[in-house]
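A structural walkthrough
What follows is the residue order along each chain.
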Amino acid sequence: MQFFLDTAQLAEIEQAAAWGILDGVTTNPSLMAKAGVRDFAAHYQAIARLTPGPVSAEVIGVSYADMVAEGRQLASLAPNIVVKIPFLPDGVRAIRTLSAEGIRTNCTLIFSPIQALIAAKAGATYLSPFVGRLDDIGHEGMALVRTIRQLLDTYKLPAKLLAASLRHPRHVLEAALAGADCATMPFAVMQQLFSHPLTEKGLAQFLADYAQLQSHA
Ligand code: G3P
């Protein structure tokens, strides 16, 4: 499973890339706003330079014509840009058009298996089911990821399953067990993937024992 960061913060992307575990980045208009971005195009280019994989950049328009025009423009910014398009009837149509032009797309705001199937049939490169937001309303978000996996396998659809809206490390593990191709997560969650109290305790003990040996040398 690939590890993506769900962020528009350059420092976070730089850090995750330095750890060597960063496979891609996803953004959305809320994350861009949170990062205080004014020049979206320049910022996407900066993210694309730092990221050793796909970078999802979301369209703002909601009409077919706007999404297609914006999608073409976003895709021209860098070779690793993937155009993120919301699941709407016009969005699905835009995914079909862009994918016929060889532009990679990520269908976002997926909350049901049939939405995923429709987007996959339209040629979406990535499907983004939002796990945490379903959990927030009392559903089991990960069940959606498992069902989409089944649908993609049954119909041998090439779309990649990108588990999104992940809130904690357990979500990341569950996405991997469910057969997600990629998991996108906030920086804090990626950071948490490294930490285990027993690893920290074990290392402290190793270093203390070594220091004691040195003091007797
Ligand atoms: O980028 C899409 C998704 O990961 C958003 O997550 O935490 O805002 O529900 P969240």
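Turning next to the sheet that holds strand β3 (residues 55-58). Read around the closed barrel, eight strands run β1-β2-β3-β4-β5-β6-β7-β8, paired in parallel fashion. Within this sheet the neighbouring strands show an average axis-to-axis angle of 30 degrees, counted without direction. For strand β1 (residues 2-6) and strand β8 (residues 182-185), the ladder comprises four bridges, and the chain directions are parallel. Note on β8: the bridge partner recorded for Leu5 is Met185.

The alternating pattern of β8 places Cys182 and Thr184 and Ala183 and Met185 on opposite faces, both of which are buried. Pairing analysis gives two bridges linking strand β7 (residues 160-163) to β8, with the strands arranged parallel. Looking at β8, one finds that Leu162 is bridged to Cys182. Crossover connection from β7 via helix α9 (residues 169-177) to parallel β8: handedness right-handed.

It is worth spelling out the site of the ligand at this point. Residues in contact with the ligand, as listed here, are Asp6, Asn28, Lys84, Phe130, Arg133, Ala164, Ser165 and Arg167. A distance of 3.0 Å separates an oxygen atom of the ligand from a polar atom in the side chain of Arg167. Class assignment of the residues belonging to the shell around the ligand gives a composition of two nonpolar, two polar and four charged.

Turning to the packing of aromatic side chains, a few remarks are in order. Counted under the stated rule, the structure contains five aromatic pairs. Residues Trp19 and Phe187 carry aromatic rings whose centres are separated by 5.5 Å and whose planes lie at 10 degrees to one another, so their mutual orientation is stacked. Of this pair, Trp19 sits in helix α1 (residues 10-19) while Phe187 sits in helix α10 (residues 187-194), and the two are 168 residues apart along the sequence. Taking relative accessible area as the criterion, Trp19 reaches 30% and is therefore assigned partly exposed. Connected via pairs of aromatic rings, a cluster forms that spans Trp19, Phe187 and Phe194. The cationic tip of Arg93 hangs over the ring face of Tyr64; the distance from NZ or CZ to the ring centre is 3.6 Å.

Where β1 and strand β2 (residues 24-26) come together, three bridges link them in parallel fashion. Within β2, the position partnered with Phe4 by the bridge is Gly24. As a crossover connection, the stretch from β1 through α1 into β2 is right-handed.

Our focus in this paragraph is a nonpolar patch on the surface. A cluster of nonpolar side chains, namely Leu203, Phe206 and Leu207, defines an oily patch on the protein surface of about 350 Å² accessible area. Here Leu203 lies in helix α11 (residues 197-216).

Glancing now at helix α3 (residues 40-50). All buried positions along α3 are accounted for by His43, Tyr44, Ala46, Ile47 and Ala48. Buried residues in α3 make contact with α1, β2, α2 (29-34), β3, α4 (64-75) and β4 (81-86). One side-chain oxygen of the residue at the start of α3 lies 3.3 Å from the amide nitrogen of Ala41, identifying that residue as Asp39.

Parameters and conventions
- Residues numbered from 1 in each chain as written.
- Predicted model: local features only at pLDDT ≥ 70, side-chain atom pairs only at ≥ 80, totals over all residues.
- Heavy atoms only, no water.
- Pairing = 2+ DSSP bridges.
- Helix = DSSP H or I, 4+ residues; strand = E, 2+ residues; numbered from the N terminus.
- Axes fitted to C-alpha atoms, helices over the stretch in contact; angles between N-to-C directions.
- Buried < 20%, exposed > 50% of the residue type's maximum accessible area, 1.4 Å probe, protein only.
- Right-handed = clockwise from strand over helix to strand, strands pointing away.
- Near = heavy atom within 4 Å.
- Polar contact = N/O pair within 3.5 Å; in protein donor to acceptor, adjacent residues only side chain to side chain.
- Nonpolar A, V, L, I, M, F, W, Y, C, P; charged D, E, K, R; others polar.
- Phe/Tyr/Trp six-rings, centres within 6.5 Å; stacked < 30°, edge-to-face > 60°.
- Lys NZ or Arg CZ within 6 Å of the ring centre and 35° of its normal.
- Patch = residues over 30% accessible without salt bridge, like charges linked within 9 Å, V, L, I, M, F, W, Y side chains within 5 Å.
- Areas by Shrake-Rupley, 256 points an atom, 1.4 Å probe, with all protein chains shown as cover.
- Salt bridge = Lys/Arg side-chain N within 4 Å of Asp/Glu carboxyl O.
- Contact = heavy atoms within 4.5 Å.

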